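Reading the structure
Residues per chain, in single letters:
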Amino acid sequence: MKQQVIHSCGPLRGDISVPGDKSISHRSIMLGSLASGTTEVQGFLQGEDSLATLLAFRGMGIGIEDLGGGWLRIEGRGLRGLQEPQDVIDCGNSGTTMRLMMGLLAGQSFFSVLSGDRYLRRRPMKRVTVPLISMGARIWGRCDGERAPLAIQGGALRPARYDSPIASAQVKSALLLAGLYADGETTVSEPHLSRDHSERMLKYFGATLRSFDGGVTVSGNPRLTGREVFVPADISSAAFFLVAALVVPGSELLIRNVGVNPTRSGIIDILRAMGGSIELLDARERSGEPVADLWVRSSSLRGVDIGGGLVPRAIDELPVISVAASFAEGVTTIRDAEELRVKETDRIQAMCDALNAVGGQVESLEDGMRIVGQEHMRGGSVNSCGDHRIAMSMAVAALRCTAPVTVTDTACTETSFPGFWSLLRQLAG
Ligand code: S3P
């Protein structure tokens, strides 16, 4: 099993780039495949998760050429141009691949099976199967449809209105994709707005969508047209270097071309509320998504309370935010974040165990964490639980520990951030 030993370091300084946005990379393959004509993608994330989506669409007859340097050319075959895959679709560790594809496959004229690694096969799927079945989808899975492998017999779908009890972009996106295959309007509402990349990209490709307070409506049977898609750098990957620069004294980093979609930029609001110095430079829009360069300087942080609508806007960054909180003055409380328990691993438990193992003072709550900050932590040995964001968060924590931190099971960082360890090494010396 791979492991990394991380030592504390001097100031992090430089002008860096992090890989492409994972959520937008998945969607660029999906919509590029369903569009008519050619889609060129710039900045595609060459991580295991988005590559699982790429391979799935190649397996359904879509020509996708890797032009090198993060450029892809997708020869879209239209809304009804996919072919029946000849094998089980392997989603690897990627919940986004599995859940979004369930919606899309439910409306096809063929049979398909979705599976994934041991972590993904433990994750809840009824949140998607149940509303899809109400649209007429035929889906079967282990544990009464709760767990993969999932078998899908595609067919005709009815439009629906679904009030999702959770703020989940994966649930919302699965239903919007299914709605493309239903005659009429499909509406999804959610308690707080989750990331809206599907809505933005569907519009960008020519679908008819109407957003309203609390939800979105999509019209079925659109004609999607191939386009050029620029994938910004992933704010979820930039997050590790934002926190690293804030907590290592004397640091100053410029992170280029980061996606700052307001449904994703909760981390910037939270770190600024903690006293962090982060500036957005050259804010612009590309392919329907807001982008900026982020300039971050080390700062003294103080504890904050995090909850409500801020949580879905920072859901994937809460592990590394708990690291920032461990070095802040005072107490940070994270509430309303029970969704963390059903991510790649139980991220509440995994971060509590990992931070406490290196000398942190963290208490797990049913729906979050209570973190008492301190000047330094001690260091020690932690396990990533096979979860990329736990591994990278603890690498950041190590930068301000008095002794080294050994992180075991680190190959998982390849799912979202190939090159993480070398970039960290390059900056930390
Ligand atoms: C994602 C949505 C989020 C996030 C995940 C990626 C997406 O999950 O945690 O990493 O690309 O749609 P939710 O479905 O809980 O919003």
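Residues numbered from 1 in each chain as written. Predicted model: local features only at pLDDT ≥ 70, side-chain atom pairs only at ≥ 80, totals over all residues. Heavy atoms only, no water.

**Here we look at the overall build of the chain**
- From N to C terminus, the chain includes 13 helices and 23 strands.
- Taking 22 Å as the expected radius of gyration for a compact globule of 429 residues, we find that the chain reaches 21 Å, a close match to that expectation.
- In the chain, 75% of the contacts between residues at least 6 apart in sequence involve partners at least 24 apart.
- Total accessible area computed for the chain in this model is approximately 15,100 Å², and 48% of it derives from carbon and sulfur atoms. (Helix = DSSP H or I, 4+ residues; strand = E, 2+ residues; numbered from the N terminus. Rg over C-alpha atoms; globule rule 2.2 N^0.38 Å. Contact = heavy atoms within 4.5 Å. Areas by Shrake-Rupley, 256 points an atom, 1.4 Å probe, with all protein chains shown as cover.)

**Topic: unusual backbone geometry**
- Cis peptide bonds are those with omega within 30 degrees of zero, and the linkage from Ala148 to Pro149 qualifies with 5 degrees.
- At Cys385, a residue that is not glycine, the phi angle is positive and equals roughly 60 degrees.
- Structurally, the position occupied by Cys385 is in the loop between β22 (380–383) and α12 (388–398).
- By relative accessible area, Cys385 is classed as partly exposed at 29%. (Buried < 20%, exposed > 50% of the residue type's maximum accessible area, 1.4 Å probe, protein only.)

**Looking at the pairing of strand β1 (residues 3–6)**
- Residues of β1 alternate between two faces, with Gln4 and Ile6 buried on one and Gln3 and Val5 left unburied on the opposite face.
- Pairing geometry for β1 and strand β23 (residues 405–408), over 4 bridges, is antiparallel. Bridge pairing in β23 places Gln3 opposite Thr408. (Pairing = 2+ DSSP bridges.)

**Section: the site of the ligand**
- Around the ligand, the neighbouring residues are Ser23, Arg27, Thr96, Ser168, Ala169, Gln170, Arg195, Ile315, Asp316, Glu339 and Lys343.
- In this structure, an oxygen atom belonging to the ligand sits 2.6 Å away from a side-chain N or O atom of Ser168.
- Ala169 is positioned with one of its backbone polar atoms (N or O) 2.8 Å from an oxygen atom of the ligand.
- The fraction of the free accessible surface of the ligand (390 Å²) that becomes covered by protein chains is 96%.
- A class-by-class count of the residues in the shell around the ligand yields 2 nonpolar, 4 polar and 5 charged.
- Counting only domains with at least three residues in the shell around the ligand, you end up with domain 1 (3–20 + 233–428) and domain 2 (22–230). (Near = heavy atom within 4 Å. Polar contact = N/O pair within 3.5 Å; in protein donor to acceptor, adjacent residues only side chain to side chain. Nonpolar A, V, L, I, M, F, W, Y, C, P; charged D, E, K, R; others polar. Domains from an automatic or database assignment.)

**Looking at the sheet that holds strand β4 (residues 63–68)**
- Strand order in this open sheet of 4 strands is β4-β5-β3-β14, and the pairing throughout is mixed. What marks the edges here is a single partner per strand, and that holds for β4 and β14 (228–230). Mean inter-strand twist for the sheet, computed between neighbouring axes without regard to direction, equals 20 degrees.
- As defined by bridge partners, strand β3 (residues 36–42) adjoins strand β5 (residues 71–77) across 7 bridges and the pair is classed as antiparallel. Across the sheet, Thr38 pairs through a bridge with Glu75, a residue of β5.
- Its contacts with the sheet put helix α1 (residues 22–34) on β3, β4, β5 and β14, and the angle it makes with β5 is roughly 35 degrees. (Axes fitted to C-alpha atoms, helices over the stretch in contact; angles between N-to-C directions.)

**Here's the deal with the pairing of β22**
- The sheet contact formed by β22 and β23 spans 4 bridges and is parallel. By the bridge assignment, Ser381 is partnered in β23 with Thr406.

**Re the domain arrangement of the chain**
- By domain assignment, the chain separates into domain 1 (3–20 + 233–428) and domain 2 (22–230).
- The C-alpha-based centres of domain 1 and domain 2 are spaced at 28 Å.
- Facing the 32 residues of domain 1 at the interface are 29 residues of domain 2.
- Where domain 1 abuts domain 2, roughly 2,600 Å² becomes buried across the two surfaces, and 50% of that area is made up of carbon and sulfur atoms.
- There are 3 salt bridges connecting domain 1 and domain 2.
- Salt-bridge contacts for Glu339 lead to Arg127; the nearest nitrogen and oxygen are separated by 2.9 Å.
- Linking domain 1 with domain 2 are 15 residue pairs in polar contact (both at pLDDT 80 or more).
- Broken down by secondary-structure element, the contributors of at least two residues to the side of domain 1 that touches domain 2 are β17 (289–297) and α12.
- Top element by residues in the side of domain 1 that touches domain 2 is β17. It accounts for 3 residues. (Buried area = accessible area lost by both parts, 1.4 Å probe. Salt bridge = Lys/Arg side-chain N within 4 Å of Asp/Glu carboxyl O.)

**What about the packing of α1 against helix α7 (residues 197–204)?**
- For the pair α1 and α7, interaxial distance at closest approach is 10 Å and the crossing angle is 35 degrees. Viewed along their axes, α1 and α7 form a crossing whose handedness is right-handed. On α7, the residues touching Ser23, Ile24, Arg27, Ser28 and Leu31 of α1 are His197, Ser198, Met201 and Leu202.
- Of the residues contributing to the contact of α1 with α7, the split by class is 4 nonpolar, 4 polar and 1 charged. (Left-handed = near helix turned anticlockwise from the far one by under 90°.)

**Points about the packing of aromatic side chains**
- Going through the model one piece at a time under the given rule, you end up with 6 aromatic pairs.
- Where Tyr204 meets Phe205, the ring centres are 6.1 Å apart and the plane angle is 80 degrees; that geometry is what we call edge-to-face. For the pair Tyr204 and Phe205, a shared accessibility class is recorded, and that class is buried.
- When the ring of Phe240 is compared with that of Phe420, the centres are 6.0 Å apart and the planes differ by 70 degrees; the resulting orientation is edge-to-face. A residue pair is termed long-range when its members are at least 10 positions apart, and Phe240 in helix α8 (residues 235–247) and Phe420 in helix α13 (residues 420–428) qualify at 180 residues. (Phe/Tyr/Trp six-rings, centres within 6.5 Å; stacked < 30°, edge-to-face > 60°.)

**Quick look at α8**
- Taking 1.5 Å as the rise per residue, α8 with 13 residues should run 18 Å; its terminal C-alpha atoms sit 18 Å apart, in good agreement.
- The buried fraction of α8 is high, at 13 of 13 residues.
- Backbone nitrogen of Ser236 and a side-chain oxygen of the N-cap are separated by 2.9 Å at the start of α8; the cap is Asp234. (Expected span 1.5 Å × (residues − 1).)

**Description of the state of the cysteines**
- Counted according to the given criterion, the structure contains 0 disulfides.
- There is no disulfide at Cys9, and the cysteine sulfur nearest it, in Cys401, is 11 Å away.
- Its relative accessible area of 17% is what places Cys9 among the buried residues.
- There is no disulfide at Cys385, and the cysteine sulfur nearest it, in Cys412, is 9.3 Å away. (Disulfide = S-S within 2.5 Å.)

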